[in-house]
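Structural features, examined
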Amino acid sequence: MEAKIKNTPARLAITQLFENTDSPIDIEQIIAFLRSKKLKTNKVTVYRIVDFLYKNEIINRLEFGEGKFRYEVKKEDHHHLVCSNCDVVEDVSDVFIDKFEKDIAKKGFLVKSHSLEFFGLCKNCQL
Ligand SMILES: [Zn+2]
Ligand SMILES: [Zn+2]
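Computed from a prediction, not measured in an experiment: that's the story for all the values here. (Residues numbered from 1 in each chain as written. Chains lettered and ligands numbered in written order. Predicted model: local features only at pLDDT ≥ 70, side-chain atom pairs only at ≥ 80, totals over all residues.)

Glancing now at the domain arrangement of the chain. The extent of an interface is frequently quoted as the accessible surface area lost upon association of the parts. Taken domain by domain, the chain consists of domain 1 (9-73) and domain 2 (78-126). With centres defined by C-alpha atoms, the gap from domain 1 to domain 2 works out at 22 Å. Grouping the constituent residues of the side of domain 1 that touches domain 2 by class yields two nonpolar, one polar and two charged. (Domains from an automatic or database assignment. Nonpolar A, V, L, I, M, F, W, Y, C, P; charged D, E, K, R; others polar.)

In structure tokens:
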């Protein structure tokens, strides 16, 4: 049975964090944020809240081959730039995917979702 999630300060803070962050974040970053807000928390609680937001389709879960999940608030179609040197993942908006999906539809394939990542070095890591 699933535990009920109340509107605790931790949950409100996490929801706010997602709304104000425009790149995918991981559990460690969420915990660091809660600590900076002096909110008492632990990993289990954070996982439970994130799981709740994910199941209620408020956030998306992403995987970039880092051995961990990242999460971001659901928003319009976009892709990700993953720096292979530091921990940075950036959003990049998309103008082509509509056409691309139409081409795929012509093949008779029904697209339900997609994921596109570009791996490389962020601005800072190229210096
Ligand atoms: Zn980097
Ligand atoms: Zn994103």
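Turning our attention to the nonpolar core. With 11 residues, the main nonpolar core is built from Ala10, Ile14, Phe18, Ile25, Ile30, Leu34, Ile49, Val50, Leu53, Ile59 and Tyr71. Taken together, the elements giving at least two residues each to this core come down to helix 1 (9-20), helix 2 (27-36) and helix 3 (43-55). Setting aside chain neighbours within four positions, we find valine 50 in contact with Ile27, Ile30 and Tyr71. (Core = buried A, V, L, I, M, F, W, Y, C linked by C-beta atoms within 7 Å. Buried ≥ 20, exposed ≤ 12 C-beta atoms within 10 Å, placed from the backbone. Helix = DSSP H or I, 4+ residues; strand = E, 2+ residues; numbered from the N terminus. Contact = placed C-beta atoms within 7 Å.)

What follows is about helix 3. End to end, helix 3 covers 18 Å across 13 residues, agreeing with the expected 18 Å (1.5 Å per residue, within 8%). Here helix 3 has its buried residues at Ile49, Val50 and Leu53. Along helix 3, the residues classed as buried sweep out an arc of 95 degrees about the axis, all on the same side. In this structure, helix 3 carries Val44 and Lys55 as exposed residues pointing more than 90 degrees from its buried face. In this fold, the buried residues of helix 3 make contact with helix 1, helix 2, strand 1 (59-63) and strand 2 (69-73). Directly after helix 3, the chain includes glutamate 57, whose backbone phi takes a positive value near 60 degrees. (Expected span 1.5 Å × (residues − 1). Arc of directions from axis to C-beta.)

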